[in-house]
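So the chains spell out like this:
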Amino acid sequence: MILVNLIGLLLITFIIWWFWLYHPTTAVMAAAGQIIDIRVADGVYQPALITAVVGKGISLRFIRSDETACAAQVIFPELGLQKELPLAKPVVIRLVPEKAGDLSFQCQMGMYRGMLRVRSK
Ligand SMILES: [Cu+2]
């Protein structure tokens, strides 16, 4: 009984950490016009944090190797952008960030999560 409680507690701790406390730390900086490859596998985008500059277009190339339906879409909620990610078929999303700030992207359930950090210059 205690063991079951303990496992439950660990699970809750993990869920809280994953959804609210976890933030990607290593950033990939995108030069203007550059294509950034983002791997979609094992529950994480890699890289999950990309920095860009206002007004400089970048391309994000999503390459999905996770077969689960969870990874089937990528969504940029702030941009109202939603794309299907077919398995093993790279999908390029071109963006020109219009203002500084963080643009998140995620799968439809919010399990996969990433961030596009836009700087003013
Ligand atoms: Cu998902």
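Note that the coordinates shown come from a computational prediction; the quantities given were computed from them, not determined experimentally.

What counts, and at which threshold
Each chain carries its own residue numbering, running from 1 in the direction its sequence is written. Only residues with pLDDT of at least 70 get local features here, since the model is predicted, and only at 80 or more are side-chain atom pairs given and counted; chain-wide, interface and lining totals rely on the full set of residues. To obtain the side-chain values, all non-hydrogen atoms of the structure were included, while hydrogens and water were left out. Ligating atoms shown are N, O and S within 2.8 Å of the metal, or 3.2 Å for Na, K and Ca, and water is not included, meaning a site may look less than complete. Per the convention used, a helix needs a DSSP run of H or I reaching at least four residues, while a strand needs a run of E reaching at least two, with both numbered from the N terminus. A 1.4 Å probe rolled over the protein chains alone gives each residue an accessible area, and that area as a share of the maximum for its type sets the label: buried under 20%, exposed over 50%, partly exposed in between. Between two residues, a contact is recorded if the distance between any of their heavy atoms is within 4.5 Å. If DSSP finds at least two bridges between two strands, the strands pair. Axis angles are defined between N-to-C directions and span 0 to 180 degrees, where every axis is a line fitted to C-alpha atoms and, for a helix, only to the segment in contact. Patch membership needs two things, relative accessible area over 30% and no salt bridge, and members are linked within 9 Å if like-charged or within 5 Å if nonpolar (Val, Leu, Ile, Met, Phe, Trp, Tyr). Using a 1.4 Å probe, accessible areas were evaluated by the Shrake-Rupley method; residue-level cover was limited to the displayed protein chains. Any carboxyl oxygen of Asp or Glu that lies within 4 Å of a side-chain nitrogen of Lys or Arg is treated as forming a salt bridge with it.

### A closer look at the coordination of the copper ion
Summarising the metal site, the copper ion is bound by the protein donors Cys-70 (O), Cys-70 (SG) and Cys-107 (SG), whose distances to it range over 2.1 to 2.8 Å. You can see Cys-70 sitting in the loop between β5 (58-64) and β6 (73-76) and its partner Cys-107 sitting in the loop between β9 (101-106) and β10 (113-119), a full 37 residues away along the chain. In terms of burial, Cys-70 and Cys-107 fall into one category: buried.

### Quick look at the side chain of Ser-59
Along the chain, the position of Ser-59 falls in strand β5. With sequence-adjacent residues up to four places away left out, Ser-59 is seen in contact with Gln-34, Ile-35, Ile-36, Val-92, Ile-93 and Arg-94.

### Considering the environment of Gly-101
Topologically, Gly-101 is positioned in strand β9. Assessed through its relative accessible area of 29%, Gly-101 is described here as partly exposed. Separated by 49 residues in the primary sequence, Gly-101 and Ala-52 have C-alpha atoms spaced 9.9 Å apart. Residue contacts for Gly-101: discarding those within four places in its chain leaves Leu-116, Arg-117 and Val-118.

### Digging into the sheet that holds β5
Spatially, four strands are ordered β3-β2-β5-β8 in an open sheet, and the strand pairing comes out mixed. Every other strand in the sheet has two partners, leaving β3 (44-46) and β8 (91-95) as the edge strands with one partner each. Pairwise comparison of adjacent strand axes, ignoring direction, gives a mean angle of 25° for this sheet.

### Notes on the environment of Cys-70
Overall, the relative accessible area of 15% leaves Cys-70 in the buried class. Cys-70 sits 26 residues away from Val-44 along the chain, and the two C-alpha atoms are 11 Å apart. Excluding residues that lie within four positions of it along the chain, Cys-70 makes contacts with Cys-107, Gln-108, Met-109, Met-111 and Tyr-112.

### Focus: the pairing of β5
A regular strand places its side chains on the two faces of the sheet in alternate fashion. Among the seven residues of β5, six are classified as buried, and the element is accordingly described as predominantly covered. In this sheet, β5 lies alongside strand β2 (residues 35-41) in parallel orientation, the contact comprising six bridges. Bridge pairing links Ile-36 to Leu-60 in β5. Pairing geometry for β5 and β8, over five bridges, is antiparallel. Counterpart to Arg-61 in the pairing with β8 is Val-92.

### Focus: a nonpolar patch on the surface
On the surface, Leu-3, Leu-6, Ile-7 and Leu-9 cluster together into a nonpolar patch covering about 410 Å² of accessible area. Here Leu-3 lies in helix α1 (residues 2-21).

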